[in-house]
Amino acid sequence: MNLVQGQEVLPLYPKGIPNSKPAPDTEKSEVTQNGMHIISAISIPTLTVFLPETPAKSRTAVIIFPGGGYHINAIKHEGLDVARKFNEWGVAAFVLKYRIPSDATMGNKEIGPLQDAQQAIRMIRENATKWKIDPNKIGIMGFSAGGHLASTAATHFKTSVLEDAQNANLRPDFLVLGYPVISFSDSIGHLGSRENLLGKSPSSQKIREYSNELQVTSETPPTFIIHAGDDKGVLPANSIAFYESLLKHNVPAELHIYERGGHGFGMDNPTTTEKWMTSLKNWLVSRELLIVK
């Protein structure tokens, strides 16, 4: 199944994957009964490059983290399709196929996805000239559990989990979250994502560390968030808590909560004619992250 025909797919770690154990590659790409393209058992991360035919003057880039509960990557509707939409705006986009936490393939599964996120940010900054990108306009975007990964990267950037990136700038310049897992608390957290990342019985310290509403500072990047009020998969309280924390720390933020839409709708909430990606585009323009003619 070739979902990225014509796109450059790069190994995330050309010199060897950190924090990995020798193990068979059991990665599987499939289409579910409801037509969703998913990839499971990812142990070899990649970055798929989408460069616009006509780059916007702002030379902005975004790295996209698909969702999937830290169990799969919903690679198409929360990844590749979104990248193509950014290209229409003149924005360079990169889809991260990040590792699925596993004791069989990782020495420490807790940090595996964050290593991949930080490596993607570093890799794109290092290649900014080649890809005609402004290294100070590199944002990240995540859906569902990919939103947890994105919000972790946006709040933990001062702590490198890479082996050789202590001096690299790992801070994203902006953050976009689609119905994100934010908290790992018992009350509002997505416990499936928590268990997949941290195991069945994480310590209270680990739960707090990865509850990103508690990790916001004044240096957290400007953030755009969307959610649906009837989302039973990931409670909208996640987005609300993160937004309130951003406000408390005077971080510019915009939050859109639709009355309906459920969970996992990608770019198109079927319950409304409003296109939230248009609202996102307007937000990027307002922050001079996108310059349109």
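Before reading on, note that the structure itself is shown above.
### Some points on the overall build of the protein chain
Then comes step 1: Counting its secondary structure elements, the protein chain contains seven helices and 11 strands.
Then comes step 2: Principal-axis analysis of the C-alpha atoms places the extent of the protein chain at approximately 50 × 45 × 40 Å.
Then comes step 3: When the 293 residues of the protein chain are sorted by exposure, 57% land in the buried category.
Then comes step 4: For the protein chain, long-range pairs separated by at least 24 residues make up 77% of all intrachain contacts whose partners lie at least 6 apart in sequence.
Then comes step 5: Here the protein chain displays about 12,700 Å² of accessible surface, and carbon together with sulfur accounts for 49% of that area.
Then comes step 6: One finds the centroid of the 29 positive side-chain charges in the protein chain at a distance of 4 Å from the centroid of its 29 negative side-chain charges.

### So, the pattern of salt bridges
Then comes step 1: For the structure on display, the rule yields 14 salt bridges.
Then comes step 2: Notably, a salt bridge pairs K85 with E88, separated by 3.2 Å at the nearest N-O pair. Of the two residues, K85 and E88 are both situated in helix 1 (residues 76-88); the distance of three residues between them amounts to about one turn of the helix.
Then comes step 3: Of the residues examined, E88 reaches a relative accessible area of 59% and is grouped as exposed.
Then comes step 4: Close ionic contact of E219 with K158 constitutes a salt bridge, the shortest N to O distance being 2.6 Å. Here E219 is found in the loop between helix 5 (204-209) and strand 10 (223-228), whereas its partner K158 is found in the loop between helix 3 (145-155) and strand 9 (175-178), with 61 residues between them in sequence.
Then comes step 5: The exposure class assigned to E219 is partly exposed, which follows from its relative accessible area of 35%.

### Digging into the packing of aromatic side chains
Then comes step 1: Following the criterion strictly, the structure yields six aromatic pairs and no others.
Then comes step 2: For the pair F224 and W283, a centre-to-centre distance of 5.7 Å together with 50° between the ring planes defines the contact as tilted. Within this pair, whereas F224 is found in strand 10, its partner W283 is found in helix 7 (residues 276-286), the two being separated by 59 residues in sequence. A single burial state applies to F224 and to W283, both of which are buried.
Then comes step 3: In this structure an aromatic cluster arises from ring pairing among F143, Y179, F265 and W276.

### Some thoughts on helix 3
Then comes step 1: Of all the 11 residues making up helix 3, 11 are buried; the element is thus mostly covered by neighbouring parts of the structure.
Then comes step 2: Among the residues of helix 3, those classed as buried are A145, G146, G147, H148, L149, A150, S151, T152, A153, A154 and T155.
Then comes step 3: The secondary structure elements touched by the buried residues of helix 3 are strand 5 (61-65), helix 2 (112-126), strand 8 (138-143), strand 9, helix 4 (191-198) and helix 6 (237-248).

### Details of the packing of helix 1 against helix 7
Helix packing for two helices is described by the angle between their axes and how far apart those axes are.
Then comes step 1: Packing of helix 1 against helix 7 leaves a shortest axis separation of 12 Å and a crossing angle of 50°. Between helix 1 and helix 7, the angle is such that the two are oblique. In this structure, helix 1 crosses over helix 7, and the sense of that crossing is right-handed. Two secondary-structure elements touch here, helix 1 through V82, K85 and F86 and helix 7 through M277, L280 and L284.
Then comes step 2: Its residues assigned to classes, the contact of helix 1 with helix 7 shows five nonpolar, no polar and one charged.

The rules we used
- Residues numbered from 1 in each chain as written.
- Predicted model: local features only at pLDDT ≥ 70, side-chain atom pairs only at ≥ 80, totals over all residues.
- Heavy atoms only, no water.
- Helix = DSSP H or I, 4+ residues; strand = E, 2+ residues; numbered from the N terminus.
- Buried < 20%, exposed > 50% of the residue type's maximum accessible area, 1.4 Å probe, protein only.
- Contact = heavy atoms within 4.5 Å.
- Areas by Shrake-Rupley, 256 points an atom, 1.4 Å probe, with all protein chains shown as cover.
- Lys, Arg positive; Asp, Glu negative; His and termini not counted.
- Charge placed at Lys NZ, Arg CZ, Asp CG, Glu CD.
- Salt bridge = Lys/Arg side-chain N within 4 Å of Asp/Glu carboxyl O.
- Phe/Tyr/Trp six-rings, centres within 6.5 Å; stacked < 30°, edge-to-face > 60°.
- Axes fitted to C-alpha atoms, helices over the stretch in contact; angles between N-to-C directions.
- Parallel < 35°, antiparallel > 145°, perpendicular 65-115°, else oblique.
- Left-handed = near helix turned anticlockwise from the far one by under 90°.
- Nonpolar A, V, L, I, M, F, W, Y, C, P; charged D, E, K, R; others polar.

So yeah, pure geometry; function would need other evidence.
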